[in-house]
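Here are the chains, one letter per residue:
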Amino acid sequence: SQQGEEDPQALSIQEGENATMNCSYKTSINNLQWYRQNSGRGLVHLILIRSNEREKHSGRLRVTLDTSKKSSSLLITASRAADTASYFCATVILNTGGFKTIFGAGTRLFVKA
Amino acid sequence: NAGVTQTPKFQVLKTGQSMTLQCAQDMNHEYMSWYRQDPGMGLRLIHYSVGAGITDQGEVPNGYNVSRSTTEDFPLRLLSAAPSQTSVYFCASSFDRSGQFFGPGTRLTVL
């Protein structure tokens, strides 16, 4: 099974509302990242939070990390129709060879205008 | 910079055929990886490389080979294509453990 599990699988909200997506993971991480994917396109990196950080902000994005619960959340405030996309968390795991990045299954966000 | 490029964009294979998906980056990134994405699902790591001459297996490596002879290129080889390998394949690169840059993907159908 995948390292990251996200919920909800899908989320539909009105423009202007906030959207919250959650990610849980299984093993110790070096950092956790969130990505966005528009339909049929490659992923775009949004924000990174290190394992010793608890909260990070970037524009309308707020990410939290709770390493004791092995979970993270992504909050998008004042959502816009253009935020409609799939959002994925990715965990960076250190290993003997260096590191690897494992993705979760993603949350599909639909923002209605 | 062209970023991460992938060729071909689309490919149809018959069961048992072999082929190589190409990936190149011009950002001098050490870290490169291959993922597959099945419909409505997340990305699963196939193989990755932390530098030229170094590769390692990801979550779903069976049926795929990689090599990394240069920093720029990281080809993915399908040895004997199977219908279960029908997917969209993404290549990504990064300078370090921070965010990865993704290519546009290759849509592969195996009949």
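The structure contained in this document is the topic of the report that follows.

### So, the overall build of chain A
When helices and strands are tallied, chain A shows 0 helices and 11 strands. Overall, chain A shows an N-to-C arrangement of helices and strands of β-β-β-β-β-β-β-β-β-β-β. In terms of C-alpha radius of gyration, chain A reaches 14 Å, essentially the compact-globule figure of 13 Å for 113 residues. Across its three principal directions, the C-alpha atoms of chain A cover 50 × 30 × 20 Å. For chain A, with 113 residues in total, the buried portion stands at 47%. Intrachain contacts of chain A at a sequence separation of at least 6 include 54% that bridge at least 24 residues.

### Quick notes on the overall build of chain B
In terms of helices and strands, chain B carries 0 helices and 11 strands. Tracing chain B from N to C terminus, the helices and strands come up as β-β-β-β-β-β-β-β-β-β-β. Its C-alpha radius of gyration of 13 Å places chain B within 12% of the 13 Å reference for a compact globule of 111 residues. If you line up chain B on its principal axes, its C-alpha atoms span 35 × 25 × 25 Å. Put simply, chain B has 111 residues, and 48% of those count as buried. Within chain B, residue pairs in contact and separated by at least 24 positions form 51% of the contacts whose partners lie at least 6 positions apart. When the accessible surface of chain B is totalled, it reaches about 5000 Å², and 52% of it is carbon and sulfur. Across chain B, the centroid of the 8 positively charged side chains sits 11 Å from that of the 8 negatively charged ones.

### Structural notes on the side chain of Thr107 of chain A
Residues and elements named next belong to chain A. Of note, Thr107 is situated in strand β11 (residues 107-112). Assessed through its relative accessible area of 0%, Thr107 is described here as buried. Of note is the side chain of Thr107, whose polar atom sits 2.6 Å from the backbone oxygen of Pro8.

### So, the pattern of salt bridges
Under the criterion given, the structure shown has 6 salt bridges over all chains. A salt bridge links Arg36 of chain A to Asp83 of chain A; its shortest N-O distance comes to 3.9 Å. You can see Arg36 of chain A sitting in strand β4 (residues 31-37) and its partner Asp83 of chain A sitting in the loop between β8 (71-76) and β9 (85-95), a full 47 residues away along the chain. Taking the shortest distance from any N to any O, the salt bridge between Arg44 of chain B and Asp38 of chain B comes out at 2.5 Å. When its relative accessible area of 12% is taken as the criterion, Asp38 of chain B is described as buried. When salt bridges that share partners are traced, they join Arg36, Arg60 and Asp83 of chain A into one network.

### Some details on the sheet that holds strand β6 (residues 55-58) of chain A
Residue and element names in this part refer to chain A. The strand order β1-β3-β8-β7-β6 describes an open sheet built from 5 strands, whose pairing is antiparallel. Unpaired on one side and paired on the other, β1 (5-7) and β6 mark the two borders of the sheet. With direction set aside, neighbouring strand axes in the sheet form an average angle of 15°. In terms of strand pairing, strand β3 (residues 19-24) meets β8 through 6 bridges, oriented antiparallel.

### A short note on the state of the cysteines
All names here are of chain A. According to the stated counting rule, one finds 2 disulfides over all chains in the structure shown. A sulfur-sulfur distance of 2.0 Å marks the disulfide that ties Cys23 to Cys89. Disulfide Cys23-Cys89: the torsion about the S-S bond is 65°, which places it as right-handed. Of this pair, Cys23 sits in strand β3 while Cys89 sits in strand β9, and the two are 66 residues apart along the sequence. Neither Cys23 nor Cys89 differs from the other in exposure class; each is buried.

Quick notes on the rules
Residues numbered from 1 in each chain as written. Chains lettered and ligands numbered in written order. Predicted model: local features only at pLDDT ≥ 70, side-chain atom pairs only at ≥ 80, totals over all residues. Heavy atoms only, no water. Helix = DSSP H or I, 4+ residues; strand = E, 2+ residues; numbered from the N terminus. Rg over C-alpha atoms; globule rule 2.2 N^0.38 Å. Buried < 20%, exposed > 50% of the residue type's maximum accessible area, 1.4 Å probe, protein only. Contact = heavy atoms within 4.5 Å. Areas by Shrake-Rupley, 256 points an atom, 1.4 Å probe, with all protein chains shown as cover. Lys, Arg positive; Asp, Glu negative; His and termini not counted. Charge placed at Lys NZ, Arg CZ, Asp CG, Glu CD. Polar contact = N/O pair within 3.5 Å; in protein donor to acceptor, adjacent residues only side chain to side chain. Salt bridge = Lys/Arg side-chain N within 4 Å of Asp/Glu carboxyl O. Pairing = 2+ DSSP bridges. Axes fitted to C-alpha atoms, helices over the stretch in contact; angles between N-to-C directions. Disulfide = S-S within 2.5 Å.

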